[in-house]
Amino acid sequence: MTRQITILISLVSAMLVIALMARVLPPNAAAIMLDINRPSWPFTVQNVLWLAFFVGLGELSLRWRAGRLEESQFSHDYLPLDDETVLRPGDDMTPIYQKVRGSKYRDICFLPRLIERCVLNFNLGQSVDQANALLNSSLELFLHELDLRYNMIRYITWLIPSLGFIGTVVGIMLALNYAGDRANAQSPEMLYQVTERLGVAFSTTLLALIMAAILVFLQNLIQGREENTLNRSGQYCLDNLINRLYSP
């Protein structure tokens, strides 16, 4: 539901930005950014690019908010932080397990999920080695899960340049059709019309490449932040849980 609402907000925002640019941009800039002179406007490739671009920004905003939520988990103090605490199976682990189970983020965020798995495994198996192995395997699974969450944004960053190339091909085709029309052969504006249409056609690819570059840059920043938070979660569990376990 959150993703659907974000996509809806992104599409509405894109439409508002398109309408604003159509009103305030100079004619030449509007032709490049929106292809506003095309008879089919507002149904142009440039407008589709803007819609896809804002959907991509919406997806990245979801991942950015998820990263902030993951970072906030370190302030919940799920584990004891003093250096002298030793954790034994049974009574020492029960308060930690109950605190994690009572958290509303236990099914959402990586840190409470890691702690719950390790605590439950140690209580049942009473083996530090098994708990450590479970921590390592869980971190690998979570890293793969995190990578899968970026499938949609990776598709959008592939789709936008593809749409740009399609718009260029369509623009070249329409320009050649105009030049090949016998009714336009003797027109004094024929060369001007053809070059103008070709210029708009190539600007579609330029606009698409700029949009894709912005999305890829933001994706790398946000994904790197989430991966760093996952690494911190693993280090937090290792320092404050695994290294404190003691099985008599």
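Quick note: structure is the one above.
A brief structural summary. (Residues numbered from 1 in each chain as written. Predicted model: local features only at pLDDT ≥ 70, side-chain atom pairs only at ≥ 80, totals over all residues. Heavy atoms only, no water.)

### Topic: the packing of helix α1 (residues 2-24) against helix α3 (residues 45-72)
Turning to step 1, where the next piece is worked out: Remark: α1 packs on α3, axes separated minimally by 8 Å, with the N-to-C direction vectors making an angle of 140 degrees. The angle between the axes of α1 and α3 places the two elements in the oblique class. Remark: the crossing between α1 and α3 carries right-handed chirality. Listed contacts from α3 to T2, R3, T6, S10, L11, S13, A14, M15, V17, I18 and M21 of α1 are N47, W50, L51, F54, V55, G58, E59, S61, L62 and R65.
Turning to step 2, where the next piece is worked out: Here the contact of α1 with α3 is composed, by residue class, of 11 nonpolar, seven polar and three charged. (Axes fitted to C-alpha atoms, helices over the stretch in contact; angles between N-to-C directions. Helix = DSSP H or I, 4+ residues; strand = E, 2+ residues; numbered from the N terminus. Parallel < 35°, antiparallel > 145°, perpendicular 65-115°, else oblique. Left-handed = near helix turned anticlockwise from the far one by under 90°. Contact = heavy atoms within 4.5 Å. Nonpolar A, V, L, I, M, F, W, Y, C, P; charged D, E, K, R; others polar.)

### A short note on the pattern of salt bridges
Turning to step 1, where the next piece is worked out: For the structure on display, the rule yields 10 salt bridges.
Turning to step 2, where the next piece is worked out: Here D107 makes a salt bridge to R106, at a shortest N to O gap of 3.6 Å.
Turning to step 3, where the next piece is worked out: When its relative accessible area of 58% is taken as the criterion, D107 is described as exposed.
Turning to step 4, where the next piece is worked out: Given a relative accessible area of 17%, R106 falls into the buried group.
Turning to step 5, where the next piece is worked out: Connected via shared salt-bridge partners are R101, R106, D107 and E116. (Salt bridge = Lys/Arg side-chain N within 4 Å of Asp/Glu carboxyl O. Buried < 20%, exposed > 50% of the residue type's maximum accessible area, 1.4 Å probe, protein only.)

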